[in-house]
Amino acid sequence: KAGVTQTPRYLIKTRGQQVTLSCSPISGHRSVSWYQQTPGQGLQFLFEYFSETQRNKGNFPGRFSGRQFSNSRSEMNVSTLELGDSALYLCASSLEGGVFQPQHFGDGTRLSIL
Amino acid sequence: DAKTTQPPSMDCAEGRAANLPCNHSTISGNEYVYWYRQIHSQGPQYIIHGLKNNETNEMASLIITEDRKSSTLILPHATLRDTAVYYCIEGIYGQNFVFGPGTRLSVLP
């Protein structure tokens, strides 16, 4: 069974640009969460999507947004990039079958802002 | 902020059991204890979770104290591939995780 796939693996952008990252969850998984990981702040929750609706949101500015498609694939967008947005962005999916199902993480997209 | 407390680092000899402690003194009755690990350059990997009872799976064992204020993750026979950052997280099913800095486990040959 294929795992969570994130594309691209690496990305370099400059300040002020915008970026879109993609996440394909494990087949059958309906919940997709996004996290940002930096050396200083660690792993921080961005938002979660379930059935194309944002269900939870972390404490990040509105420049960070996301969406989920009917096939559960998800994208996150960061506009007006800042140097501090340099990070590893991780996507995680889970089944949401009514009992606990662990979140399965992809290997992330490493975003570097110049 | 994370609600759990873990030692920042630990060493373990290859082949020996690695016992990773976690304090979660403010855990509530419906919060689970979850363990994940992150090997360098990879996403976090689910290990095990529990509510009250001790749990075991093919990767590890989880021992939760009777008062649920602390737990220990046990890797019975650590290998070099178990070198990673281990995260202990408390939370309610359906809510998203708050990761702390975790414990950096180094398995030494």
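Let me sum up the structure you'll find in this document. (Residues numbered from 1 in each chain as written. Chains lettered and ligands numbered in written order. Predicted model: local features only at pLDDT ≥ 70, side-chain atom pairs only at ≥ 80, totals over all residues. Heavy atoms only, no water.)

### Quick word on the sheet that holds strand β8 (residues 74–78) of chain A
Residues and elements named next belong to chain A. Read from one edge to the other, the open sheet built from 4 strands follows the order β1-β3-β8-β7, with strand pairing classed as antiparallel. Strands with a single pairing partner mark the edges of an open sheet, and in this sheet they are β1 (5–7) and β7 (64–68). With direction set aside, neighbouring strand axes in the sheet form an average angle of 20°. Bridge count for β1 against strand β3 (residues 19–24) is 3 bridges, and the pairing is antiparallel. Note on β3: the bridge partner recorded for Thr5 is Ser24. (Pairing = 2+ DSSP bridges. Helix = DSSP H or I, 4+ residues; strand = E, 2+ residues; numbered from the N terminus. Axes fitted to C-alpha atoms, helices over the stretch in contact; angles between N-to-C directions.)

### As for the side chain of Gln68 of chain A
All names here are of chain A. Positionally, Gln68 belongs in strand β7. Of the polar contacts made by the side chain of Gln68, one reaches the backbone oxygen of Arg30; its length is 3.1 Å. Side-chain polar atoms of Gln68 contact the backbone nitrogen of Phe50, separated by 3.3 Å. Leave out the neighbours within four places in its chain, and Gln68 touches Arg30, Val32, Tyr49, Phe50, Ser51, Glu52, Thr53, Arg73 and Ser74. (Polar contact = N/O pair within 3.5 Å; in protein donor to acceptor, adjacent residues only side chain to side chain. Contact = heavy atoms within 4.5 Å.)

### Some remarks on the state of the cysteines
Residue and element names in this part refer to chain A. The full count for this structure, using the stated rule, is 2 disulfides over all chains. One disulfide bridge connects Cys23 with Cys91, the sulfur atoms lying 1.7 Å from each other. Disulfide Cys23-Cys91: torsion about the S-S bond near -55°, hence left-handed. Residue Cys23 is located in strand β3, and its partner Cys91 is located in strand β9 (residues 87–94); the two are separated by 68 residues in the primary sequence. (Disulfide = S-S within 2.5 Å.)

### With respect to the nonpolar core
Residue and element names in this part refer to chain A. Core analysis: the biggest nonpolar cluster contains 21 residues, and Trp34, Leu46, Phe64, Met76 and Tyr89 have the highest contact counts within it. Where this core is concerned, the elements lending two or more residues are β3, β4 (31–38), β5 (42–50), β8, β9 and β11 (109–113). Ignoring any residue separated from it by four or fewer positions in sequence, one finds Leu46 in contact with Trp34, Tyr35, Gln36, Lys57, Gly58, Phe60, Phe64, Met76 and Tyr89. (Core = buried A, V, L, I, M, F, W, Y, C linked by side-chain atoms within 4.5 Å. Buried < 20%, exposed > 50% of the residue type's maximum accessible area, 1.4 Å probe, protein only.)

### Brief notes about the packing of aromatic side chains
Using the criterion set out here, one finds 14 aromatic pairs over all chains in the structure. Judged by centre distance (5.7 Å) and plane angle (65°), the ring pair of Tyr35 of chain A and Phe45 of chain A falls under edge-to-face. Remark: Phe45 of chain A occurs in strand β5 and Tyr35 of chain A occurs in strand β4; sequence separation between them is 10 residues. Like Tyr35 of chain A, the residue Phe45 of chain A is buried in the burial classification. Ring pairing ties together the aromatic residues Tyr35, Phe45 and Phe105 of chain A together with Tyr32, Tyr34, Tyr36, Tyr46, Tyr87, Phe97 and Phe99 of chain B, which thus form one cluster. Positioned above the aromatic ring of Phe50 of chain A is the side chain of Arg55 of chain A, whose terminal nitrogen or guanidinium carbon lies 4.5 Å from the ring centre. (Phe/Tyr/Trp six-rings, centres within 6.5 Å; stacked < 30°, edge-to-face > 60°. Lys NZ or Arg CZ within 6 Å of the ring centre and 35° of its normal.)

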